[in-house]
Amino acid sequence: VDQDVGSPAIAGSASFAGGVFTVKGAGVDIEGTSDQFHYVYQPLSGDMTVVARVATLQNTNPWAKGGVMIRESTAANSKQAMLVLTPGNGLSFQRRLSTGGNTTNTPGAQVAAPYWVKLVRSGSTFTAYSSPNGSSWTQVGSDTISMATNVLVGLALTSHHDGILCTAVFTGVSVTGGGTLLRIEAESPTVTGPMITVTDAACFGSKYVETSTANTG
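Since the model is a prediction, treat every value here as computed from it, not as a measurement.

Overview of the sheet that holds strand β11 (residues 103-107)
With antiparallel pairing, the seven strands of this open sheet are ordered in space as β1-β6-β15-β8-β9-β10-β11. With partners counted over all chains shown, the strands left at the sheet margins are β1 (2-5) and β11, one partner each. In this sheet, adjacent strand axes meet at a mean angle of 25° when their direction is disregarded. As defined by bridge partners, strand β9 (residues 80-85) adjoins strand β10 (residues 91-96) across six bridges and the pair is classed as antiparallel. If you follow Gln 80 over to β10, its bridge partner there is Arg 96.

With respect to unusual backbone geometry
Residues other than glycine predominantly adopt negative phi, and peptide bonds predominantly adopt the trans conformation. For the bond from Ala 113 to Pro 114, the omega torsion is 5°, close enough to zero to count as cis. Examined against the element boundaries, Pro 114 turns out to sit in the loop between β11 and β12 (115-122). A positive phi angle, close to 60°, is found at His 160, a residue other than glycine. Among the secondary structure elements, His 160 is positioned in the loop between β15 (150-158) and β16 (166-177).

The rules behind each value
Residues numbered from 1 in each chain as written. Predicted model: local features only at pLDDT ≥ 70, side-chain atom pairs only at ≥ 80, totals over all residues. Heavy atoms only, no water. Pairing = 2+ DSSP bridges. Helix = DSSP H or I, 4+ residues; strand = E, 2+ residues; numbered from the N terminus. Axes fitted to C-alpha atoms, helices over the stretch in contact; angles between N-to-C directions.

What follows is the structure in structure tokens.
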């Protein structure tokens with residue numbers, strides 16, 4: 001599903017082809033007590049992980065924002081957590097802890113597209129990670145949000161300018177959760193795209209291999 005949240009002055013849009021999401025969105029901002037942006041999402045329940053590579057992000061404003069989000073509803077003042085990339089202010093882990101409450105911000109590295117972003121929900125704990133390559137992850141921040149079990153997870157984009165559309169391209173998008181993740185050990189693996197190596201201290205050897213495309217690789 002893709003739709004505008006908070007009624008931006010210009011309607012956004014999204015398309016998907018060849019594993020690439022192209023998203024266009026306007027909106028004043030995702031900030032404060034109410035948001036305006038374009039959202040590409042799917043409903044999911046329970047624990048989950050959403051990952052994406054922000055391949056390109058148009059500089060409509062230094063605070064234009066594109067990245068991954070977990071959101072309780074499409075209401076403009078909904079609880080939410082997101083890790084976004086900006087054209088002029090690097091990474092930002094932003095979240096609204098209560099419906100209609102103010103937005104809290106934890107700045108990340110001063111990087112630019114292309115860059116990987118990841119958001120993990122474990123119960124009421126939401127943790128944001130970033131990566132230059134999709135395999136070596138750095139925690140940006142973590143917070144507790146009492147969000148409903150059933151949520152909306154996906155890609156968020158705001159131009160930070162209600163009268164202008166911003167265009168962003170996302171690749172390597174994956175959403176896991178609401179089910180079982182099966183991990184299989186390989187003795188001598190050769191990892192090629194769309195598979196990536198992920199570091200996880202809970203795994204044997206502290207690593208596992210993940211594919212960003214369902215039933216591929």
